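# Coordinates in review
Listed here are the chains, written in short residue letters.
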Amino acid sequence: VNDCIVIDYNGRKYEIEIVETKPAQAISIIEADVNVDFAPPKDYKEAPRPPPQAAAPMAVEEEPEQIEPVVEEKGPKLFAGS
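The following refers to the structure shown. Please read these numbers as outputs of a predicted model, since none were measured by experiment. (Residues numbered from 1 in each chain as written. Predicted model: local features only at pLDDT ≥ 70, side-chain atom pairs only at ≥ 80, totals over all residues. Heavy atoms only, no water.)

### Considering the pattern of salt bridges
A side chain of one charge can pair with a side chain of the opposite charge when the charged atoms of the two come close. Inclusion rule: Salt bridge criterion: a side-chain nitrogen from Lys or Arg within 4 Å of a carboxyl oxygen from Asp or Glu. Secondary structure elements follow DSSP: runs of H or I of four or more residues count as helices, runs of E of two or more count as strands, with numbering from the N terminus. Note on classification: 1.4 Å probe, protein chains only; a residue is buried when its accessible area is under 20% of the maximum for its type, exposed when over 50%, partly exposed between these limits.
Counted according to the given criterion, the structure contains two salt bridges. Between Lys 42 and Glu 17 there is a salt bridge, with the nearest N and O atoms lying 2.6 Å from each other. Taken together, the positions of Lys 42 in the segment after β2 (12-17) and Glu 17 in strand β2 put the pair 25 residues apart, joining distant regions of the chain. With a relative accessible area of 75%, Lys 42 lands in the exposed category. With a shortest N-O distance of 3.9 Å, Arg 49 and Glu 46 are connected by a salt bridge. A relative accessible area of 71% places Arg 49 in the exposed class.

Purely geometric numbers; function is a separate question.
Next comes the structure, spelled out in structure tokens:
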């Protein structure tokens, strides 16, 4: 308890402080299965939450534009493909 383990990973050093051990004050983690719980980091500060925004007004539906029908000419269609 109160020991510190330093892990060097990706060029950064992470310090892990031993806060509690069970069932005794000292443990051996060599060739052992160990269950670990992490406390929040000492230098961690929770980011402030943004204030809630007022509900956006409902969008007004616009009337669709009137499309004039296309009048097809009767007779042969030249250069129109097959």
